[in-house]
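The primary structure of each chain is shown beneath.
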Amino acid sequence: MKGISGVLLAAILPITAFAQIGIGVADPTTATIYERDSLSSGPPSRSFNYGVPGWDFFAGDWNGDGTQTIGAYDPSSSTFYLRNTNSAGLPDYVIQFGAPNSKPVIGDWNGDGIDTIGVFDSSGTFSLRNSNNPGPADMTFQFGTGSWTPIAGDWNGDGTDSIGVFDPNIANFYLRNTNSAGPPDFNFQFGPPGSKPLTGDWNSDGVTTVGVFDFNGNFYLRNSNSAGPPDIGPFAFGTGTMQPFSFATVPEPATSLLFIIGCGLITLCVSRRWQH
Ligand SMILES: [Ca+2]
Ligand SMILES: [Ca+2]
Ligand SMILES: [Ca+2]
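Caption draft 1: Quick peek at the confidence of the model for the chain. For the chain, per-residue confidence averages 90 on the pLDDT scale, and residues scoring 70 or more make up 84% of the total. Note that pLDDT drops below 50 for residues 6-17; the model gives that stretch eight contacts with residues more than four away or on any other chain.

Pasting the structure below:
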């Protein structure tokens, strides 16, 4: 049995480790979310209304199930509204955190597989929290300038997300590998000035890299955190006034296959026991 389990496990692990990534845009004037399950032009895979016009929209894995789902932030009250599925409906978490008129930033700051909340305020200070419930910041530090855009990702592939900032005027990224004050570990220009930043693990190698969404509604994605041409795109999705984000999902076929193999294993174990 051990031999068979080992072979089956070796066959299952690479499949389940593979995550699918898609891109999304949120129309802040109508609070409509459009998501596409591939990194290419084409119609949305799904669209739904969420939250209220004027809010900020993003995606994160709020419950650690491997799928990143919709979240929204109301700047006027500095309140997060997080939902565990990519569909219309009520939030699963409502959390007031930080000072009003901050900018939201989302990441797995402690590497436990759950994305949690953070804010970047007008003084260029990050306040990050390791759980999606009310309470004080677990980390507070200054990085960048308050007028820039906060971003987050696992820039060095160590399993923990850390912060970065994007200066839209010159389309320059400043990324840091630890959630603390200090110099950037990466400092490079990417994309047209005036773009909006997004981040994602576009090639599923465990390292989060950058992307931008320009004022014409084009995505430019790069597989390394350095200056250079896009590896994917430019491709059009949405319109330039929308807010870009990425979301990782566990593909359905892998989940189904895991279930089938799991059932097969149990059947095999039970039948072996009956034979002895
Ligand atoms: Ca976490
Ligand atoms: Ca990291
Ligand atoms: Ca990557």
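Caption draft 2: Just the environment of G191, in detail. Within the secondary structure, G191 is located in the loop between β15 (186-189) and β16 (196-200). Spatially, the C-alpha atom of G191 lies 8.9 Å from that of I170, the residues being 21 residues apart in sequence. Contact partners of G191, with chain neighbours within four places excluded, come to A171, V212, D214 and Y220.

Caption draft 3: Representation of the sheet that holds strand β14 (residues 172-175) within the structure. Spatially, β12-β13-β14-β15 is the arrangement adopted by the four strands of the open sheet, whose pairing is antiparallel. One side of each edge strand has no neighbouring strand; the edge strands of this open sheet are β12 (149-153) and β15. The sheet shows a mean angle of 20° between the axes of neighbouring strands, direction not considered. Sheet topology note: the β12/strand β13 (residues 162-167) ladder contains five bridges and is antiparallel. What sits directly across from A152, in β13, is I163.

Caption draft 4: Up close: the environment of P244. Along the polypeptide, P244 turns up in strand β20 (residues 243-249). On the basis of neighbour count, P244 is assigned to the buried category, with 24 C-beta atoms found within 10 Å. With sequence-adjacent residues up to four places away left out, P244 is seen in contact with I23, V25, K196, L198, F213 and F219.

Caption draft 5: Unusual backbone geometry, seen in detail. The peptide bond linking G233 to P234 adopts the cis configuration, its omega dihedral lying at 5°. Tracing the sequence through the fold places P234 in strand β19 (residues 232-236). Of note in this structure, S204 is not a glycine but carries a positive phi near 55°. With respect to the helices, strands and loops of the structure, S204 is situated in the loop between β16 and β17 (209-213).

Thresholds, definitions, all that
- Residues numbered from 1 in each chain as written.
- Chains lettered and ligands numbered in written order.
- Predicted model: local features only at pLDDT ≥ 70, side-chain atom pairs only at ≥ 80, totals over all residues.
- pLDDT = per-residue confidence, 0-100.
- Contact = placed C-beta atoms within 7 Å.
- Helix = DSSP H or I, 4+ residues; strand = E, 2+ residues; numbered from the N terminus.
- Pairing = 2+ DSSP bridges.
- Axes fitted to C-alpha atoms, helices over the stretch in contact; angles between N-to-C directions.
- Buried ≥ 20, exposed ≤ 12 C-beta atoms within 10 Å, placed from the backbone.

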